[in-house]
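Here are the chains, one letter per residue:
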Amino acid sequence: MAEQVVAEDVASVREQREALKQQEQARAGGAGAETTAPAAAPGRDQPLYADRVKVYPRKVSGTFRRLKWAALGLLLGIYYLVPWIRWDRGPNAPDQAVLIDMPSRRAYFFFIEIWPQEVYYLTGLLILGAVGLFLVTSVAGRVWCGYACPQTVWTDLFMWVERLVEGDRNARIRLDRQPLSAEKVGRKAAKHGIWLLMAFLTGGAWIMYFKDAPTLVAELVTFEASQSVWLFIGLFTATTYLLAGWAREQVCTYMCPWPRFQAAMFDEDTLIVTYQRWRGEPRGKLKKGENDDWSKRGDCIDCKACVAVCPTGIDIRDGQQLECISCALCIDACNDVMAKIGRPPNLIGYDTEANQIAQEQGKPRPRWKLLRIRTLFYALLFVGVAAVMLGQLLFRDTLDINVLHDRNPLFVTLSNGDIRNGYTVKLLNKTRERRAFVLGFEGLPGATMEVLGEPAQGQRVPLVAEPDSVATYDIQVRAPRSQVTGETRPVSFTLTDPDSGETVVYDSVFRGPER
Amino acid sequence: MPTKIEKDAVTGTETTGHEWDGIKELNTPLPKWWLYVFYATIAWSLVYFVLYPAIPYLSGATEGVLGWSSREQVVKQLAEAEAAQAEYLEAIGGTELAAISDDATLFEFARRGGEAAFNENCAQCHGVGGAGNPGGFPVLADDVWLWGGTLEAIHTTLQHGIRWNDDPETRFSEMPPYGDIFSREEIGQVADYVLSLSGQVPEGADLEAGATLFADNCAACHGEQGGGMNELGAPRLNDAVWLYGGQREEIVSQITRPRHGVMPAWGGRLDEDTVKMLTIYVHSLGGGE
């Protein structure tokens, strides 16, 4: 019943490197004495630079491949479609739902509008992103790397194109070994052409988050887009093409810092892509009638399907490695083989270190602990930060006041002995309507305000803020000498919207002479 | 120094021989493309050497094919800034002083331009923001003026200066040194009377005698009630602001041997537009009349 499984002619990147090194050593040893190659003096022949070993991942199908396609479709869909969602904000405001408007210093996200002063929301998002990443990693390993990272998504897409144009693993290896021919040039040109086109679309879509999407497309089609637009599209086209087409796993292995410290989030209950050593060993090629007694051997038939499909070119059977992006394609490949030889699936699977240890010692499978101090801490932190941000957003004031006390002069003595302080008052009107306010000054009896360039004066003065802008007023407060005691005295400005009753208070100080 | 180079059992990679607290460093070879990126940056720097000023010699440096220099860039940027300001400066030149505040944008431009010129030329004596300085440098942010606080008066002061001999139209006045005229006792009496003008009555003061001396000698310039006189730059004496200090001994000193401030005439040094903007700025500091 078991189908014949052909072992793949494949070696992991590490094995290929090792083989290359041994070849060189053998050559060096062979030229000298005929004796068994003496171990070269350590530190002498260690190469400083390593050639890249090209990885030719084979096509694979299965649960995780489908999951990956689904994630890819979803993420790319979001990336390309979101800029086209419209959101009515009334006149004089962009109607794009998600837009970072650099020239007018505003960021829009559906109903949220962020001013540069509120960039802490971005900080909050970054903290959420980091904590979310830690949480997911401590639960299920490098899910981000395997499914959601743009580097993974675009590399996957580019590999799909490569397979379409040049064929699967063996065909690609053959094509690369072939001498130059019209067919080879044609296929390579087609591949790179499609890659560049996709990279251009990637770069173009990125700009849509910074400029109105329909306008941008119209400008691009009619070649009326500004130089900077072309420059940035060119930049993102180039990086996409280089990173997804050429650099691929080198980005994860050598450039990205995340693989270097992700192990810090792992513990023995983290689900990671694991080869079940206790079940697979001793491994060996399966020969009918010779060694097919499963009670005497391990389940791994050393077919190397897991190595052949790996996009980073590692052998998962070597254990945890920083190159492993947890894409789980080796699980699909191995399950395929297990089904063919009639053995239970998941020789490679998502499993915990705790279970591995238990199984090797012949103990029963320990209960998987989702709730651990680590995961609970990350989850609480995530919820906490999210709650604070949500609260901030929900109760975000549509008006804000900033008061700067003049530093030069700190105070002025007037002819009748009164003390006067100057303040720069900034009113932030975050609505789309012109708003009239009343500014009050409290904390100093007898104090009166004067507004530079405005007739108003007294204890309460009317001020106006234009829509979606900051109104700046120079305000001078004078108080009788008898009321000003001590160098500083706490005072406050209250800004009230008489229509809505909305009030904000800003605490400041009033300064006077020492005595 | 590396001591013991060995092969790491787990990875099969040689160590560098460096060891810290039992942790050994693997001598993992660098990917070649990384080396090539480094070479590419060197090549890129060579392009820069050719295009831009790069190799210094004793007086100067190679000019580069593009002929770019930071000095020229600054000149260009300054020209651009001036071109952007031209419209407003022209408007200021063509607008009466009093009418500038009618146009909010022009007023703001004049104030900011005046502030820049003030910080460059005036703040050394008058302090940033017109805060004044002890020793006879008047506060410009208060409501007390020696030579008048109207736009016109401020403009004239700025244009021609005070006691500035090079300008024939400069503002000029001098208080005689009463140390040569009055006796010590008389000077004390006058000082007491001056203090009383702002409501401060020193103990045991002979105000009668002081009042007579004041009316005969001082009131001509400082006014009967010590209200001062802007036309002569005679300070007001019945307020809370003192140019050379309001303590009795300071007043005595000023009567005995008066000090007089000097301010340069800015008319010839700064262009008319700048003087106008300075006028607007000083007037807006808080005491403009």
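First, a word on scope: everything that follows refers to the structure included in this document. Just so it is clear, the structure is predicted and the values come from calculations on it, not from any experiment.

**Remarks on the overall build of chain B**
A count of helices and strands for chain B gives 10 helices and five strands. Computed over C-alpha atoms, the radius of gyration of chain B comes to 35 Å, more than 25% over the 19 Å expected from 2.2 N^0.38 for 289 residues, which places it beyond the range of a compact globule. Considered along the principal axes of its C-alpha atoms, chain B spans approximately 110 × 55 × 40 Å. Sorting the 289 residues of chain B into buried and exposed places 34% on the buried side. Put simply, of all contacts in chain B between residues at least 6 apart along the chain, 51% involve residues at least 24 apart. Carbon together with sulfur atoms contributes 56% to the accessible area of chain B, which is approximately 17100 Å² in total. Treating the 17 positive side-chain charges of chain B as one cloud and the 42 negative ones as another, the clouds have centres 12 Å apart.

**A short note on the sheet that holds strand β10 (residues 435-442) of chain A**
Residues and elements named next belong to chain A. With antiparallel pairing, four strands are arranged side by side in an open sheet as β13-β10-β15-β16. Of all strands in the sheet, those with a lone pairing partner are β13 (460-465) and β16 (503-511), marking the two edges. With strand direction ignored, the average angle separating the axes of adjacent strands in the sheet is 30 degrees. Sheet topology places β10 next to β13; six bridges connect them, and they run antiparallel. By the bridge assignment for β13, G440 is matched with R460.

**Considering the interface of chain B and chain A**
Contact with chain B, which involves 32 residues of that partner, is made by 26 residues of chain A. Around 2400 Å² of area is buried between chain B and chain A when both sides are counted, 55% of it from carbon and sulfur atoms. At the boundary of chain B with chain A, the tally comes to two salt bridges. With its nearest N and O atoms 3.0 Å apart, the salt bridge here joins B:K32 to A:D51.

**Some words on empty space enclosed by the protein**
Residues and elements named next belong to chain A. Inspection of every chain in the model, using the stated rule, returns five cavities of 30 Å³ or more. Its boundaries defined by the atoms lining it, the largest cavity holds a volume of some 220 Å³. What lines the largest cavity is a set of 22 residues, among which T155, D156, M159, P311 and I325 lie closest to the centre. For the lining of the largest cavity, the elements supplying multiple residues, two or more each, are α2 (63-81), α5 (150-166) and α10 (249-255). Take the lining of the largest cavity: its biggest share by element is seven residues, from α5.

**Focus on the environment of A:A26**
Residues and elements named next belong to chain A. Structurally, A26 can be placed in helix α1 (residues 13-31). Take A26: its relative accessible area is 45%, and that puts it in the partly exposed class. Each C-alpha atom, one on A26 and one on L48, is 19 Å from the other, the two residues being 22 residues apart in sequence.

**Examining unusual backbone geometry**
Note the cis peptide between A:E281 and A:P282, where omega equals -10 degrees. Of note, A:P282 is situated in the loop between α12 (277-280) and α13 (305-309). Here the residue pair A:N408 and A:P409 is connected by a cis peptide bond, since its omega of -10 degrees sits within 30 degrees of zero. Mapped onto the secondary structure, A:P409 falls in the loop between β7 (399-405) and β8 (412-413). Phi is positive for A:D302, close to 55 degrees, though the residue is something other than glycine. Positionally, A:D302 belongs in the loop between α12 and α13. Positioned with a positive phi, B:R163 is a non-glycine residue whose angle comes to about 50 degrees. By the secondary structure assignment, B:R163 is in the loop between α5 (151-160) and α6 (184-197). Taking the relative accessible area as the measure of exposure, B:R163 reaches 13% and is therefore buried.

**Some words on the nonpolar core**
All names here are of chain A. Counting 38 residues, the largest nonpolar core has V273, I316, V337 and I348 as the members making the most contacts within it. Those elements that place two or more of their residues in this core are α2, α4 (143-148), β5 (272-275), α13 and α14 (329-341). Residues in contact with V337, not counting those within four places in the same chain, are V5, I301, C303 and A305. By size, the runner-up hydrophobic cluster in this structure holds 29 residues, among which are I419, F441, V504 and F510.

**What about the layout of surface pockets?**
Residue and element names in this part refer to chain A. Space inside the second largest pocket adds up to approximately 2000 Å³. If you trace the second largest pocket, you find 44 residues lining it, with I100, L122, L125, W206 and Y209 closest to the centre. Classifying every residue of the lining of the second largest pocket gives 35 nonpolar, six polar and three charged. Composition of the lining of the second largest pocket by domain shows at least three residues from each of domain 1 (96-140 + 371-396) and domain 2 (149-260).

**What about the pattern of salt bridges?**
Using the criterion set out here, one finds 43 salt bridges over all chains in the structure. One continuous salt-bridge network, built from bridges that share partners, spans A:K54, A:E162, A:E166, A:R172, A:D176, A:K188, A:K191 and A:R248.

**Some remarks on the packing of aromatic side chains**
Residues and elements named next belong to chain A. Counted according to the given criterion, the structure contains 31 aromatic pairs over all chains. Taking the centre distance of 5.1 Å and the plane angle of 85 degrees together, the rings of F109 and F110 count as edge-to-face. Relative accessible area serves as the criterion here: at 47%, F109 is assigned to the partly exposed category. Overall, F110 belongs to the partly exposed group, its relative accessible area being 22%. Seen in terms of ring centroids, F158 and W195 are 5.4 Å apart; in terms of plane orientation they differ by 25 degrees. Their pairing is stacked. Of this pair, F158 sits in helix α5 while W195 is found in helix α7 (residues 182-208), placing the two residues 37 residues apart along the sequence. W195 carries the same exposure label as F158, and that label is buried.

**Concerning the side chain of A:D101**
Residues and elements named next belong to chain A. With respect to the helices and strands, D101 occurs in strand β2 (residues 98-101). For the buried D101, no salt bridge is present, and the opposite-charge side chain at shortest range is R432, 7.6 Å distant. Here the side chain of D101 touches S104 through a polar contact of 2.6 Å, side chain to side chain.

Parameters and conventions
Residues numbered from 1 in each chain as written. Chains lettered and ligands numbered in written order. Predicted model: local features only at pLDDT ≥ 70, side-chain atom pairs only at ≥ 80, totals over all residues. Heavy atoms only, no water. Helix = DSSP H or I, 4+ residues; strand = E, 2+ residues; numbered from the N terminus. Rg over C-alpha atoms; globule rule 2.2 N^0.38 Å. Buried < 20%, exposed > 50% of the residue type's maximum accessible area, 1.4 Å probe, protein only. Contact = heavy atoms within 4.5 Å. Areas by Shrake-Rupley, 256 points an atom, 1.4 Å probe, with all protein chains shown as cover. Lys, Arg positive; Asp, Glu negative; His and termini not counted. Charge placed at Lys NZ, Arg CZ, Asp CG, Glu CD. Pairing = 2+ DSSP bridges. Axes fitted to C-alpha atoms, helices over the stretch in contact; angles between N-to-C directions. Buried area = accessible area lost by both parts, 1.4 Å probe. Salt bridge = Lys/Arg side-chain N within 4 Å of Asp/Glu carboxyl O. 1 Å grid on protein atoms, 1.4 Å probe; cavity = no way out; pocket = protein on both sides within 12 Å on 5 of 7 lines; lining within 4 Å. Points joined across faces, edges and corners; volume = space filled by probe spheres on them. Core = buried A, V, L, I, M, F, W, Y, C linked by side-chain atoms within 4.5 Å. Nonpolar A, V, L, I, M, F, W, Y, C, P; charged D, E, K, R; others polar. Domains from an automatic or database assignment. Phe/Tyr/Trp six-rings, centres within 6.5 Å; stacked < 30°, edge-to-face > 60°. Polar contact = N/O pair within 3.5 Å; in protein donor to acceptor, adjacent residues only side chain to side chain.

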